[in-house]
Amino acid sequence: MFTRHTLALFGLLAFASSVHAQYNYSKDISRIFQAKCQQCHREGDVAPFALDSYATAVAWSEDIKNAVSQKRMPPWKPVDGYNSFRDAWGLNDEERSMVVNWVDAGMPEGDPADLPEPLPNTGEWALGDPDMIVKMPIEFAVPARKDTYRCFVIPTSLAADQFLSAIQYLPGNRQVVHHVIAYVDKTGASAKYDGKDGSPGYDCFGGPGDGVAEDATSMLGGWAPGVRARFLPDGIAMKLPKGSKIVLQVHYFANGKKDQTDQTKVGLYYSKNSVNKLLAFLPILNTGFKLKPGEENAEVTAQFAIPPFYDATVILVAPHMHLLGKQIKLEKIGIDKKVDPLIYINDWNFSWQGFYTLETPMPLPALSQLKVTCNFDNSDKNPKNPNNPLKTVGWGEGTEDEMCVGFVGVVFDRQGLPFVSKRTR
Ligand code: HEC
């Protein structure tokens, strides 16, 4: 006979054992890997191995434990608690410890009947067939031993202005394409750089070159590993003027393998409904800074006030620095001085820059301010410092120069007004 007391004890034991319950692959871990790893760890994608079966998970288990507990993987940069983003693939503490406990417990498989449905294979174009597909003019031979940043000029041959509600970038070779940023060249200015070194395109590190993308609607977003294509909210579009060209800036990493080539494609989705707002990118930037040689924590800030009558809404953010960057923070400062965090990255890595879409668009009333704060390490303690010997570093587009920019993707309530955001340099 059990007394109430022993029953209670049983209950407690059952509780205790559920706390230490072993997580198994089929029920628990596979679901974490699907949601937070397979963006990149799948066949043909950017990561060096697929994480889509029990066998691969076991084969990589020690590395997984290390990478996850040391927070190297997954490479999700925004700090928790400073805004929330769509399609976030960061692990929370509970998920981290589940993965580690599972490896420590000897990787129990569980019942394969509990496995989740494999993620749908969406084919190449996640949003369906694009209205127009354009691609880089050449199959580019990617240097094996040196990171390459190259701009490719793609004519659109549009007979009339076109509004786009989505763009999908499709890297031709995910083993080497690290990120893509696209600009509209409305004036043809890219012609003064294109092909001048004997092959199509031109080297470009920080941006597409002077004169190529001069106003707030010249940026078309981009792709980095893990980024998914999405439609903009109804009524919002990006504009591709008649006769314009797309300039694709592609960062290739040197993976040491010979004979790698890439021809990245761009799928353009035309707006099907009427468009009343354009997505604009406000670059909040400081171009006047000087980082002294040896300076370990130089802080650079820039602030921009939204002009009177230009009430707006923030849709996405894209912080940008080069190799000396340590931290970057973007904030909105309200008219009442209330500070709302837009994004905070406290371990900047040039290799993992992204476009982050806000979970909830943030109102940006006229006269509120956008502020960017960048911290740089220009000492020899920074292993990525490209300058040896150390030197004073200021604004510029080269690898050895720096930038402090918060790109803020906004829509303005009133359209038709010229909202050219002047680039100062
Ligand atoms: C945004 C893309 C991306 C996501 C998401 C991602 N990885 Fe990776 N992973 C990579 C790339 C690329 C590499 C190759 C090494 C590098 O560039 O850091 C890598 C390497 C690794 C390695 C081997 C190298 C090391 O650091 O030990 C492990 C293990 C790993 N990933 C585990 C995971 C796990 C587990 C997850 C999910 C919880 C995950 N990754 C999510 C892109 C990603």
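What you are looking at is a predicted structure, and each value in this text was computed from that prediction instead of being measured. Position numbers for residues count from 1 along each chain, tracking the sequence in the order it is written. Local features in a predicted model are, by the rule used here, given only for residues with pLDDT of at least 70; side-chain atom pairs are given and counted only at 80 or more, and totals for whole chains, interfaces and linings are based on all residues. No hydrogens and no water enter the side-chain calculation; it runs on all heavy atoms of the structure.

Novice: Can you help me understand the environment of Val103 in this one?
Specialist: Numbering goes from the N terminus for both helices and strands, where a helix is a DSSP run of H or I of at least four residues and a strand is a run of E of at least two. Tracing the backbone through its elements, the reader meets Val103 in helix α5 (residues 93–104). For Val103, a relative accessible area of 6% corresponds to the buried category. The spatial distance from the C-alpha of Val103 to the C-alpha of Met73 is 15 Å, given a sequence separation of 30 residues. Any two residues whose heavy atoms approach within 4.5 Å at even a single point are treated as in contact. Beyond its immediate chain neighbours, meaning those up to four positions away, Val103 contacts Ser61, Glu62 and Lys65. Buried residues are those whose accessible area, probed at 1.4 Å on protein chains only, stays under 20% of the maximum for their type, while exposed residues exceed 50% and partly exposed ones sit between those limits.

Novice: Got a minute to help me understand the site of the ligand in this structure?
Specialist: Taken together, 21 residues are adjacent to the ligand, and Cys37, Cys40, His41, Arg72 and Met73 come closest. By the criterion applied in these results, polar contacts are pairs of N or O atoms within 3.5 Å in which, for protein atoms, one can donate a hydrogen and the other can accept it, and in which residues neighboring in sequence qualify only through two side-chain atoms. Within the side chain of His41, an N or O atom sits 2.7 Å from a nitrogen atom of the ligand. Within the side chain of Arg72, an N or O atom sits 2.9 Å from an oxygen atom of the ligand. Tallying contributions element by element places helix α4 (residues 61–69) first for the shell around the ligand, with four residues. For the shell around the ligand, the residue count by class is 17 nonpolar, one polar and three charged. It suffices for a single heavy atom of a residue to lie within 4 Å of a molecule or strand for the residue to be listed as near it. Classification used: nonpolar for Ala, Val, Leu, Ile, Met, Phe, Trp, Tyr, Cys and Pro, charged for Asp, Glu, Lys and Arg, polar for all others including Gly.

Novice: What should I look at first to understand the coordination of the iron atom of the ligand in this one?
Specialist: Tetrahedral metal sites with four donors have an ideal angle of 109.5 degrees; octahedral sites with six donors have ideal angles of 90 or 180 degrees. Listed as protein donors to the iron atom of the ligand are His41 (NE2) and Met73 (SD); their distances from the metal cover 2.0 to 2.2 Å. One can describe the site at the iron atom of the ligand as octahedral: its six donor atoms subtend angles covering 85 to 178° at the metal. One end of the pair, His41, is in the loop between α2 (25–36) and α3 (54–59); the other, Met73, is in the loop between α4 and α5, with 32 residues separating them in the sequence. For Met73, a relative accessible area of 31% gives the class partly exposed. Distances define the donors: N, O and S atoms within 2.8 Å of the metal qualify, as do those within 3.2 Å of Na, K or Ca. Water is excluded, so some sites may look unfinished. Donor angles set the geometry label: tetrahedral for four donors if every angle is between 85 and 135 degrees, square planar for four and octahedral for six if opposite donors exceed 155 degrees and the others are between 65 and 115, irregular for anything else.

Novice: Hey, could you run me through the pairing of strand β8 (residues 236–240) in this one?
Specialist: Most of β8 is tucked away, with four of its five residues classed as buried. Strands pair, by our definition, only if DSSP identifies at least two bridges between them. Here strand β4 (residues 162–170) runs beside β8; their pairing, made up of three bridges, is antiparallel. Within the sheet, the bridge partner assigned to Leu164 lies in β8 and is Met238. As paired elements, β8 and strand β12 (residues 277–278) share two bridges and run parallel to each other. Counted as the bridge partner of Ala237 is Leu278 from β12.

Novice: Just checking my understanding: could you explain the domain arrangement of the protein for this structure?
Specialist: For the domains described, the bounds stem from an automatic or database domain assignment. Taken domain by domain, the protein holds domain 1 (4–114), domain 2 (132–277) and domain 3 (279–412). Centre-to-centre, using C-alpha coordinates, domain 2 lies 22 Å away from domain 3. The interface is formed by 22 residues belonging to domain 2 together with 19 residues belonging to domain 3. Buried surface area refers to the total accessible area, computed with a probe of radius 1.4 Å, that the two partners give up upon joining, counted for both partners together. When the buried surface of domain 2 facing domain 3 is broken down by residue, Phe205, Ala216 and Met219 rank first, second and third, together holding 31% of it.

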